[in-house]
Amino acid sequence: SKQHGFSTAVVRLENLLLFESNLVDKIRQHMSDADSVREDIKRYVDDFEANILHPGFDDLAYHVQHPVGAYRLVKRLSQTDPGVLTHARLLTGVVYGDAVIKTTELPTEEDLRMSALALIRLQDIYHLDMRSLTQGQLVMLARQSDGTVVKQKRITREEPAFSLDAEDTVYIGDIAYNEEEYLNAVLWYLVTLDLLRGREQVDITDDPADDSGLGRVDVLIKLGDTLTKLRQHQRALPFYRDALRMGPENQVIKSKVVEAERQATLQGNVTLKMAKLLKGSIPYQEDYENLCYHSVLRNQPPSSRLSCTYDRTRPELYLSPARREVLHEKNPEIALYHDVISDEEAAMVRALAFEELERSPVVSKHGKVFHSDVRVSETGWLHDNTTDVISKLSRRVGYITGLNTEYPSAESFQVVNYGLGGLYVPHVDYFEETQLVKHVNRPGKRILTFLLYLSEVELGGATVFPQINLIVPAVKNGALMFRDMKRSGEFEPLSMHAGCPVLIGSKWIANKWILDRGNEFKRPCGLTPDE
Ligand SMILES: O=C(O)CCC(=O)C(=O)O
Ligand SMILES: [Fe+2]
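Residues take numbers from 1 onward in each chain, read along the sequence in its written order. Ligands are numbered from 1 and chains lettered from A, in the order in which they are written. It should be noted that, the model being predicted, local features are given only for residues of pLDDT at least 70 and side-chain atom pairs only at 80 or more, the latter also being counted only at that level, while totals for whole chains, interfaces and linings use all residues. Processing note: side-chain calculations cover all non-hydrogen atoms of the structure and skip hydrogens and water entirely.

(A) Quick peek at the overall build of the protein. Note on conventions: DSSP H or I runs of at least 4 residues are helices, E runs of at least 2 residues are strands, and numbering of each starts at the N terminus. Scanning the protein for helices and strands turns up 16 helices and 19 strands. Throughout, a residue-residue contact means that at least one pair of heavy atoms, one from each residue, lies within 4.5 Å. Intrachain contacts of the protein at a sequence separation of at least 6 include 72% that bridge at least 24 residues. Note on areas: these come from Shrake-Rupley sampling with a 1.4 Å probe, and a residue is covered only by the protein chains present in the view. Accessible surface computed for the protein: about 25,200 Å², of which carbon and sulfur atoms make up 51%.

(B) Just the coordination of the iron ion (ligand 2), in detail. Counted as donors are the N, O and S atoms within 2.8 Å of the metal, or 3.2 Å for Na, K and Ca, while water is not among the atoms, so some sites may look incomplete. Looking at the metal site, the iron ion (ligand 2) is ligated by His427 (NE2), Asp429 (OD) and His497 (NE2), spaced 2.0 to 2.2 Å from it. For the iron ion (ligand 2), the donor residues sit on a single chain with the sequence spacing H-x1-D-x67-H. Of the two residues, histidine 427 sits in strand β11 (residues 424-427) while histidine 497 sits in strand β17 (residues 497-499), which places them 70 residues apart along the sequence. Exposure remark for histidine 427: the relative accessible area of 13% places this residue in the buried category. Among the residues examined, histidine 497 registers a relative accessible area of 4% and is labelled buried. Buried, partly exposed and exposed residues are distinguished by accessible area as a fraction of the type maximum, computed with a 1.4 Å probe on protein chains only: under 20%, between the cut-offs, and over 50%, respectively.

(C) The environment of valine 10, seen in detail. Secondary-structure assignment places valine 10 in helix α1 (residues 10-32). Classification of valine 10 by relative accessible area gives buried; the value is 1%. With 498 residues separating them in the primary sequence, valine 10 and tryptophan 508 have C-alpha atoms 9.6 Å apart. In this structure, valine 10 is in contact with Val64, Gln65, Asn417, Tyr418, Gly419, Leu420, Gly505 and Ser506, ignoring residues within four places of it in sequence.

(D) Quick peek at the environment of valine 219. Among the structural elements, valine 219 can be located in helix α10 (residues 216-229). Considering only alpha carbons, one finds valine 219 and glycine 173, 46 residues apart in sequence, at a separation of 9.7 Å.

(E) Inspection of the site of ligand 1 at higher detail. The near set for a molecule or strand comprises every residue that places at least one heavy atom within 4 Å of it. Around ligand 1, 13 residues are found, and the nearest of them are Tyr418, Thr463, His497, Lys507 and Asn511. Contacts to ligand 1 include histidine 427, whose side-chain N or O atom sits 3.0 Å from an oxygen atom. Definition of a polar contact: a pair of N or O atoms within 3.5 Å, with one able to donate and the other able to accept a hydrogen when the atoms are protein atoms, and with sequence-neighbouring residues admitted only if both atoms are side-chain atoms. Take aspartate 429: an N or O atom from its side chain is 3.2 Å from an oxygen atom of ligand 1. Relative to its free-state accessible area of 300 Å², ligand 1 is covered by the protein chains to the extent of 99%. Elements with a contribution of two residues or more to the shell around ligand 1: β11, β17 and β19 (508-515). Split into classes, the residues belonging to the shell around ligand 1 amount to five nonpolar, five polar and three charged. Residue polarity is assigned by list, with Asp, Glu, Lys and Arg as charged and Ala, Val, Leu, Ile, Met, Phe, Trp, Tyr, Cys and Pro as nonpolar; anything else, Gly included, falls into the polar class.

(F) Focus on the state of the cysteines. Any two cysteine sulfur atoms lying within 2.5 Å of each other are counted as a disulfide. With the rule as written, the count across this model stands at one disulfide. Two residues, cysteine 292 and cysteine 500, share a disulfide whose sulfurs are 2.0 Å apart. Since a negative S-S torsion denotes a left-handed disulfide, the cysteine 292-cysteine 500 link at about -85° is left-handed. Of this pair, cysteine 292 sits in helix α13 (residues 285-298) while cysteine 500 sits in the loop between β17 and β18 (502-504), and the two are 208 residues apart along the sequence. A relative accessible area of 1% means that cysteine 500 is categorised as buried.

(G) Expanded view of the packing of aromatic side chains. Ring pairs shown here join Phe, Tyr and Trp side chains whose ring centres sit within 6.5 Å, with only the six-membered ring taken for Trp; geometry is labelled stacked below 30 degrees between planes, edge-to-face above 60, and tilted in between. Considering all chains together, one arrives at five aromatic pairs under this definition. Centre to centre, the rings of tyrosine 430 and phenylalanine 491 are 4.1 Å apart; their planes meet at 10°, and the pair counts as stacked. Within this pair, whereas tyrosine 430 is found in the loop between β11 and β12 (446-453), its partner phenylalanine 491 is found in the loop between β16 (479-483) and β17, the two being separated by 61 residues in sequence. For tyrosine 430, a relative accessible area of 6% gives the class buried. A centroid spacing of 5.2 Å and a plane angle of 90° characterise the contact between phenylalanine 465 and phenylalanine 482, whose relative ring orientation is edge-to-face.

Spelled out as structure tokens, the structure:
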């Protein structure tokens, strides 16, 4: 599989959009110099401007940090003829990236599919109102157990407004259906019907199919089929019947109605609850999703501020103490440090890592390394000797933690940029014996995680600990520290943690894992074995 893509690291989309806006500027210039350009180039420029330029809105990055804006960009470019961009580049001399690249790499069909999955995931976990979502607005719903909406919270800026049309929403519904996420598919198909209805009202021609040929009948059948998959035959029936009304001669629809009627009768009057199917492979999935949902709904600093102290325990920290906020006193000890790194340093780390970024791996129970949507991000490793900035930062982590951070007592920095709806589901950072894969960078056991937040995240992307009910917001330039191993040398299962899906933003972090090697004597035993 491909080692990177446009939906697995938001920074790639940011770069792509910068390149495009530069390119379009130059083409415009070219045109105003009275040179004519090819018709397809003109169309490309118009399309770009219609999608990206919003009067009074100059935050270019926001377009791709917003999941609907990003989806639109990926879709537009995955359908753009690469030849057009190649020609435009030759015409203007604008380069993509640092070097002149022969073929401009554009988002693919797979990128579009992953962008759709991101929207499905975000809508699901953050309970986003569908209709608002199609208008590019993120509105969180709170539902009571009986299904009534009790609270709504709008969480996005008003400008710019991106939108999804019926063609988009039915495509996303199909992606959900193919992933067997039927409950999600129903939502996307329902909003598609809604959009088609709205379109019919403004459409004077009485054509039930829209420009793309998508008709109401198709969507009604999809709804019926999806509800059938959910064994909701009673609920499927009205959709099949509506479809039949629009095409009374259609034998396929007729038989669907008959079959649904038969199944509904068999089922009797019991209405099955349409509950979300937890696939069981994600530990603490419900707690995780709840914590993530609340982290955005509340959008406030850490819930438990036990104490905040200035760490001056070491002379190196005396002049510039790291502000230390204790989030969990022990078992495991968890602290948030503020202003560990400067804006300039963070920018430098991001830039250095960019060249190294590759799709993030996950390690199975049996030590197999693979890619999965339980971890949507790209990672790049930075050795201490990369530059002075990195070695200085590594030493600083050593001062703060009181542990040795020099190889082989610690791993290199693992820098991460999350993708669209990027997340990392609950996991522990330590490796069990069965998982010990050969890794040159990991000559020991992980005893402590030091996680630096290298960017602001506008919405979402908190770090959460599902077993101890703790939310840690991604505080730029701050660092989260926790123990993966008890002082006695045993694993600390309560260190299980996760990265919540990024709703809006480009989330960057850097992990420094400190190993037992060479830190044995700096890791005195606690007073009790479980400490
Ligand atoms: O991004 C986060 O908040 C958590 C990341 C994490 O747990 C990891 O990279 O191991
Ligand atoms: Fe982790």
